[in-house]
Amino acid sequence: MAYYRPASWQKPLSLVLLAAAVALPTVLTAIGQEFYIGFATRVLIFALAATSLNLVLGFGGMVSLGHAAFLGAGAYVAAICQQAGINEALIAFPAAMGVAGLFALIVGAISLRTRGVYFIMITLAFAQMAYYLFVSARSWGGDDGLPLNGRMTLSGISLAADDALFYAALGALVAAMILFGRLADARFGRTLQAVRENETRMEALGYPVFRFRLVAFVLGGMVAGLAGALLANLTGLASPNLLQWTQSGTLLVMVIIGGVGYLYGGVVGAAVLLLLEETLVGFTEHWHIVLGLLLLAVVLFAPKGLAALFGRSRRADHD
Amino acid sequence: MTDVLLDVRQLTRRFGAVDALKAVDFSVSAGEVHALIGPNGAGKTTFIHHVSGALKPDSGSVHFAGRDVTALSMHRRVAAGMARSYQITNVFPGLSALDNVALAVQGRSDAGSSFRFWQPASKETAVFDEARGYLEQVGLHGKSPVAGGLLSHGEQRALELAMALATRPKLLLLDEPMAGTGPEESARMVELIEHLARHVTILLVEHDMAAVFRLADRISVLVNGQLICTGTPEEVRNDAGVRRAYLGDHL
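Residues numbered from 1 in each chain as written. Chains lettered and ligands numbered in written order. Predicted model: local features only at pLDDT ≥ 70, side-chain atom pairs only at ≥ 80, totals over all residues.

Re the sheet that holds strand β4 (residues 59-64) of chain B
Residue and element names in this part refer to chain B.
- In space, the four strands of this open sheet follow the order β2-β1-β4-β5, with antiparallel pairing throughout. Each end of this open sheet is capped by a strand with a single partner; those strands are β2 (18-29) and β5 (67-68).
- The sheet contact formed by strand β1 (residues 4-15) and β4 spans five bridges and is antiparallel. Its bridge partner lying in β4, D7 is registered against H63.
- Against the sheet, helix α1 (residues 44-52) makes contact with β1, β2 and β4, and its axis sits at roughly 120° relative to β1, the strand it touches most. (Pairing = 2+ DSSP bridges. Helix = DSSP H or I, 4+ residues; strand = E, 2+ residues; numbered from the N terminus. Contact = placed C-beta atoms within 7 Å. Axes fitted to C-alpha atoms, helices over the stretch in contact; angles between N-to-C directions.)

Some thoughts on the packing of helix α3 (residues 97-107) of chain B against helix α5 (residues 153-166) of chain B
All names here are of chain B.
- At a minimum axis separation of 7 Å, α3 and α5 run at an interaxial angle of 25°. By the angle class used here, α3 and α5 are roughly parallel. Regarding α3 and α5, the two cross each other, and that crossing is right-handed. On α5, the residues touching A97, N100, V101, A104 and V105 of α3 are L159, A162, M163 and A166.
- In the contact of α3 with α5, the residues fall into eight nonpolar, one polar and no charged. (Parallel < 35°, antiparallel > 145°, perpendicular 65-115°, else oblique. Left-handed = near helix turned anticlockwise from the far one by under 90°. Nonpolar A, V, L, I, M, F, W, Y, C, P; charged D, E, K, R; others polar.)

Quick notes on the interface of chain A and chain B
- Counting residues at the interface gives 26 residues for chain A, matched by 29 residues for chain B.
- Mapped by element, the contributors of at least two residues to the side of chain A that touches chain B are α6 (162-185), α7 (187-197) and α8 (199-204) of chain A.
- Of the residues forming the side of chain A that touches chain B, the biggest block, six residues, is contributed by α7 of chain A.
- Per-class residue counts for the side of chain A that touches chain B are 13 nonpolar, four polar and nine charged.

Points about the sheet that holds strand β7 (residues 171-175) of chain B
All names here are of chain B.
- Spatial ordering of the open sheet is given by β6-β7-β8-β3-β9-β10, a layout of six strands whose pairing is mixed. For this open sheet the edge positions go to β6 (82-85) and β10 (226-231), each flanked by a neighbour on one side alone. Mean inter-strand twist for the sheet, computed between neighbouring axes without regard to direction, equals 15°.
- With four bridges connecting them, strand β3 (residues 33-37) and strand β9 (residues 218-223) associate as parallel partners. Bridged to I37 within β9 is V221.
- Sitting on the sheet, α1 touches β3, β6, β7, β8 (201-205) and β9, and the angle it makes with β7 is about 150°.
- Packing against the sheet, α5 makes contact with β6 and β7, and its axis sits at approximately 170° to β6.

Examining unusual backbone geometry
Residues and elements named next belong to chain B.
- We note that A23 has phi near 45°; this positive angle belongs to a residue other than glycine.
- On the basis of neighbour counts, which here come to 14 C-beta atoms within 10 Å, the residue A23 falls in the partly exposed class.
- In the Ramachandran plot, A65 falls in the positive-phi region, its phi being about 50° despite a non-glycine side chain.
- Along the polypeptide, A65 turns up in the loop between β4 and β5. (Buried ≥ 20, exposed ≤ 12 C-beta atoms within 10 Å, placed from the backbone.)

With respect to the confidence of the model for chain B
- The share of residues in chain B with pLDDT of 70 or more is 97%, and the mean pLDDT across the chain is 90.
- Overall fold confidence (pTM) sits at 0.90, and the ipTM for the predicted complex is 0.87. (pLDDT = per-residue confidence, 0-100.)

Structural notes on α3 of chain B
- Of all eleven residues in α3 of chain B, eleven are buried; the element is thus mostly enclosed.
- Among the structural elements, α7 of chain A together with α4 (125-137) and α5 of chain B are those in contact with the buried residues of α3 of chain B.

Focus: the pairing of β10 of chain B
Residue and element names in this part refer to chain B.
- Here five bridges tie β9 to β10, and the two strands are oriented antiparallel to one another. Residue pairing for β10: V223 is matched across the bridge by Q226.
- In this antiparallel pair of consecutive strands, β9 and β10, the connection spans two residues, and N224 shows a positive phi of 50°.

Considerations on the nonpolar core
- Counting 182 residues, the largest nonpolar core has L48 and L226 of chain A together with V101 and A162 of chain B as the members making the most contacts within it.
- In contact with L48 of chain A, other than residues within four places in its own chain, are A172, L173, A176, V223, L226 and A227 of chain A. (Core = buried A, V, L, I, M, F, W, Y, C linked by C-beta atoms within 7 Å.)

Let's talk about the pairing of β7 of chain B
All names here are of chain B.
- When you tally the buried positions in β7, you get five out of five residues, the bulk of the element.
- Neither face of β7 is exposed, since L171, L173 and D175 on one face and L172 and L174 on the opposite face are all buried.
- Sheet topology note: the β7/β8 ladder contains five bridges and is parallel. Note on β8: the bridge partner recorded for L171 is T201.

In structure tokens, the structure reads:
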């Protein structure tokens with residue numbers, strides 16, 4: 001596989017989409033559909049979480065089945081911060097990223113010594129351990145989870161209004177997309193992608209491949225932690241279900257549908273999956289059947305994911 | 001004798017019941033082309049793996065440029081100045097020839113950290129200019145935009161060499177650079193190695209005897225994990241033990 005190169009129209013298109021996103025709460029309010037602002041925020045948050053997994057999975061080639069653990073850890077840190085009297089997101093969100101990152105550092109430092117199916121199993125095992133830890137933690141609500149007492153403030157501005165939280169989530173997603181977009185094209189991203197292609201060769205070129213993988217794993221965990229903190233604010237609850245392996249599976253499905261190793265894969269996947277759920281749930285509670293068919297169709301007809309259908313430029317970047 | 005660049009002492013490795021390497025003493029002097037030959041299964045590739053750090057010995061030591069590197073991992077040995085090319089062609093098929101070499105340049109410690117998250121790597125003209133230089137050295141200028149996987153076998157071998165060179169090694173480990181190449185490509189490769197040998201010390205593992213006897217300053221012969229002879233091409237050619245090993249003449 002070549003290095004990831006965004007198609008030339010990707011930047012203008014993302015700017016158009018960004019403008020549409022900025023206008024969305026106003027439009028929804030004008031047509032009396034405020035309810036959907038919360039839904040749109042959910043899409044943004046899961047887009048952020050799936051994008052963070054895509055860094056690990058798509059660019060780093062690490063199939064982690066425990067990514068939801070970092071999402072859940074972030075949610076719990078936000079709730080625990082509030083319980084401790086810290087209601088300011090400028091403190092709680094970085095704390096969530098820090099704790100999730102530290103957790104990812106421990107998980108990564110151990111699991112990245114294994115490969116293939118063993119890596120999948122060990123990341124799953126860590127996530128399940130974290131899940132049962134929170135389920136049994138009475139002071140944090142056990143399996144009921146830890147509720148938030150209203151939403152936090154961001155540099156003094158309350159996130160209680162739906163559009164405030166929407167813009168906070170949008171800001172986080174945009175920042176992550178810019179960072180990952182730059183990173184993919186910088187030395188770090190190229191090294192990471194080359195390690196994904198041929199680890200031994202990179203080692204023989206003098207690269208400490210373990211360190212590159214670990215940094216990407218930790219970075220992915222941190223961004224997932226941020227998504228978790230935002231999600232706790234949206235739903236008003238840090239639930240152990242967020243750490244469940246099914247949640248990790250959902251994130252994986254989002255990335256696979258959207259496009260593994262494509263910058264916008266996580267965003268596309270999260271949007272498609274959640275929109276599908278939202279629409280189909282009105283018709284049948286067995287909407288997972290349709291999801292299964294979609295996944296089948298993507299794997300068979302667009303194995304690189306939906307984002308890949310829009311193509312990517314293969315031009316050389318130096319001539 | 002000149003400085004000893006690589007000094008392997010009493011290197012021993014067992015795989016289960018098989019003694020792959022039996023107390024091998026081996027050295028490469030700075031500036032020479034030292035060829036390692038031996039029948040199939042003699043342990044040549046295993047030996048190279050131990051020198052490069054892909055495998056760790058049961059006992060014995062590897063000294064490189066005056067320092068004990070036995071415990072160092074592969075990437076640290078590369079940073080210390082040891083580069084290898086692979087017996088099986090091992091370039092990045094999806095990346096252009098230039099990107100392949102640029103990765104090798106970028107991996108060098110004096111090229112700066114690769115933990116850079118912001119500046120586009122494609123704008124680093126110094127890295128790409130240097131990479132172009134190595135492509136030129138191995139005769140691949142003009143192929144720089146071609147994907148590694150689309151190059152001919154001989155060109156891929158040359159690209160391997162360019163990547164190894166780009167790490168600016170003190171010692172180049174060449175594991176069967178002639179493997180699978182046709183006579184023409186083979187001749188070009190011999191010329192290329194001859195040219196490189198002026199700048200860098202080479203440890204060459206090769207089956208092509210014509211190439212070995214043309215290139216090597218010294219030849220060592222490995223048979224069943226044991227080094228049975230080291231000497232000039234002339235000495236090796238006339239060594240009775242070597243003749244026995246190669247001709248199967250046990251009498």
